[in-house]
Number of protein chains: 2
Amino acid sequence: MGSKNSTTAKRADALRSIEAIVQAAAHCLGQNPEASLSEIARAAGVGRVTLYAHFASRAEVVDAAMSHAIARGNEVLDTVDLSGDPLLALARYIEAGWHLVDQARALLAAAQRELPAGRILELHAGPAARVEALVARGRAEGAFRTDLPIPWMVNVLHAVMHSAAEEIRAGRLAPDRAADHITATVLAAFTSPGTPVPEAGSGA
Amino acid sequence: MGSKNSTTAKRADALRSIEAIVQAAAHCLGQNPEASLSEIARAAGVGRVTLYAHFASRAEVVDAAMSHAIARGNEVLDTVDLSGDPLLALARYIEAGWHLVDQARALLAAAQRELPAGRILELHAGPAARVEALVARGRAEGAFRTDLPIPWMVNVLHAVMHSAAEEIRAGRLAPDRAADHITATVLAAFTSPGTPVPEAGSGA
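Residues numbered from 1 in each chain as written. Chains lettered and ligands numbered in written order. Predicted model: local features only at pLDDT ≥ 70, side-chain atom pairs only at ≥ 80, totals over all residues. Heavy atoms only, no water.

- As annotated in an unreviewed UniProt entry, chain A carries the name TetR/AcrR family transcriptional regulator and comes from Streptomyces cinereospinus.

The structure is reproduced here in structure tokens:
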């Protein structure tokens, strides 16, 4: 019984340390993609030895931080209404998703440096599935083009959202214009050849 | 005279070494963004000491390799006819530029790891100026939308081209479909709200 309690306590300690490290990593890497493991351990209030006891490499820390940020992003996206007119639903997704990308851009830079492209796609599978479903519905309802594959259209949406983050970082785009520019671009990109591009903010 | 000849000969040697290192770097990093400086020196037929005599850091080698690849890309783009119907000119630019992006994608990955985003934009200033001029002409002639800034439209074109390279690397896009998908996407993205999206391969 004493031994079991001690194991339970150790496990609870370990879980607390891991959670503190993951949150500190998401925060530190979100400020600076080159934040060191020492800085992350310090921000988490644990020693380097504890950090290395739980994570074998910098890549593992970055992976956990990215997973954490995406899980939080999924919670935000859960609150976005993706029903109704697909054009307006897409605009709402961009408005919410754009802020997540904006907040996570330094973390994504760290991920792009440490993790294989395939792993980054895998981590984005949750958000991607949401957009895939929306694009498929928009195609079925005649709002979006059907001459390009759905995965390509999802890729275009995310590529344009991510490029906006880079344009802001390079000082070439004002953050408050990003959602409008992305929406105007993607609504046009998703329009069938021969069909007029919808006016921004308009329904189908 | 002997001394002058010897200086000239040394300078010629140095230029030959630098050129060999830059070409080897563009080749090796184009195969594998993580190629080491030792591998690059070996491929160039010089010692590591010679490499370090000319380049202070890995970032300098990557920068020189990227500059070299972009200069060669500019030579290719010089042969593309960007006059006439802006829609067809854009399709020709994508057809040629896409292959350059495809060939340079590992090198670009190395550059994204080693160089600041601002430097990568600066290195792309030549290709960017070309597209800027084409986009400006297409807007003046009524072929492209004017409700978004020119730098944003140039960014969208390059973001979609680069994302295609990543989709291919992830096994989600067949290389022979890339130019068609990019062209169909960007022609639509560049269409004014209220105007029909041009059919692929059609003129204005």
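## Let's talk about the side chain of His-124 of chain B
Residues and elements named next belong to chain B.
Piece 1. Checked against the element boundaries, His-124 lands in the loop between helix H7 (117-123) and helix H8 (125-140).
Piece 2. According to the relative accessible area criterion, His-124 is buried, its value standing at 18%.
Piece 3. Among the polar contacts listed, one links the side chain of His-124 to the backbone oxygen of Ile-120, at a separation of 2.8 Å.
Piece 4. Discounting chain neighbours no more than four positions away, the residues touching His-124 are Met-66, Ile-70, Leu-108 and His-162. (Helix = DSSP H or I, 4+ residues; strand = E, 2+ residues; numbered from the N terminus. Buried < 20%, exposed > 50% of the residue type's maximum accessible area, 1.4 Å probe, protein only. Polar contact = N/O pair within 3.5 Å; in protein donor to acceptor, adjacent residues only side chain to side chain. Contact = heavy atoms within 4.5 Å.)

## Here we look at the interface of chain B and chain A
Piece 1. Opposite the 32 residues of chain B that make contact, chain A presents 32 residues.
Piece 2. In this assembly, chain B packs against chain A so that about 2,800 Å² is buried in total across both faces, 66% of it on carbon and sulfur atoms.
Piece 3. For the pair chain B and chain A, the number of links is zero salt bridges.
Piece 4. Across the chain B-chain A interface, the total number found is 10 residue pairs in polar contact (both at pLDDT 80 or more). (Buried area = accessible area lost by both parts, 1.4 Å probe. Salt bridge = Lys/Arg side-chain N within 4 Å of Asp/Glu carboxyl O.)

## Some points on the environment of Phe-144 of chain A
Residue and element names in this part refer to chain A.
Piece 1. With respect to the secondary-structure elements, Phe-144 resides in the loop between helix H8 (125-140) and helix H9 (150-169).
Piece 2. On a C-alpha basis, the gap between Phe-144 and Leu-187 in space is 8.4 Å, while along the polypeptide they are 43 residues apart.
Piece 3. Look past the residues within four positions of Phe-144 in its chain and what remains in contact with it is Pro-86, Leu-87, Leu-90, Leu-134, Val-135, Gly-138, Arg-139, Met-153, Phe-190 and Ser-192.

## A few points about the packing of aromatic side chains
Residues and elements named next belong to chain A.
Piece 1. Scanning the model with the defined rule gives two aromatic pairs over all chains in all.
Piece 2. Residues Phe-144 and Phe-190 carry aromatic rings whose centres are separated by 5.4 Å and whose planes lie at 70° to one another, so their mutual orientation is edge-to-face. With Phe-144 in the loop between H8 and H9 and Phe-190 in the segment after helix H10 (178-189), this pair connects stretches of sequence that are 46 residues apart. Exposure class is identical for Phe-144 and Phe-190. Each is buried. (Phe/Tyr/Trp six-rings, centres within 6.5 Å; stacked < 30°, edge-to-face > 60°.)

## What about the relation of the copies chain B and chain A?
Piece 1. Each copy superposes on the other: chain B lies on chain A with an RMSD of 0.0 Å after a rotation of 180° and an axial shift of 0.0 Å. Those values place the two copies in the arrangement expected of a two-fold rotation axis.
Piece 2. Residue by residue, 100% of the interface of chain B is reproduced at the interface of chain A, so both copies engage with the same surface. (Least-squares fit on C-alpha atoms with pLDDT ≥ 70 in both.)

## Let's talk about the packing of helix H6 (residues 105-114) of chain B against helix H9 (residues 150-169) of chain B
All names here are of chain B.
Piece 1. Between H6 and H9, the least distance of the axes is 11 Å, while the angle of their chain directions is 105°. On the basis of the axis angle, H6 is roughly perpendicular to H9. Within the contact between the two elements, H6 uses Arg-105, Leu-108 and Ala-109 and H9 uses His-162, Ala-165, Ile-168 and Arg-169.
Piece 2. Along the lines of polarity and charge, the residues of the contact of H6 with H9 split into four nonpolar, one polar and two charged. (Axes fitted to C-alpha atoms, helices over the stretch in contact; angles between N-to-C directions. Parallel < 35°, antiparallel > 145°, perpendicular 65-115°, else oblique. Nonpolar A, V, L, I, M, F, W, Y, C, P; charged D, E, K, R; others polar.)

## So, the UniProt feature "DNA-binding region" (unreviewed entry) in chain A
Piece 1. Here the UniProt-annotated "DNA-binding region" (unreviewed entry) positions come out as residues 36-55 of chain A.
Piece 2. Helix makes up 75% of residues 36-55 of chain A and strand 0%, and the two end C-alpha atoms of the span are 14 Å apart. (UniProt positions renumbered as here; feature names shortened; annotations may be inferred.)

## Some points on the pattern of salt bridges
Two side chains bearing opposite charge may form a pair once their charged atoms approach each other closely.
All names here are of chain A.
Piece 1. With the rule as written, the count across this model stands at 20 salt bridges over all chains.
Piece 2. A salt bridge links Arg-137 to Glu-141; its shortest N-O distance comes to 3.1 Å.
Piece 3. Judged by relative accessible area, which is 49%, Glu-141 ranks as partly exposed.
Piece 4. We note a salt bridge from Arg-145 to Asp-147, for which the minimum N-O separation is 2.7 Å.
Piece 5. Residue Arg-145 is classed as buried on the basis of its relative accessible area, which comes to 1%.
Piece 6. A single salt-bridge network, built from bridges that share partners, covers Asp-63, Arg-119 and Glu-122.

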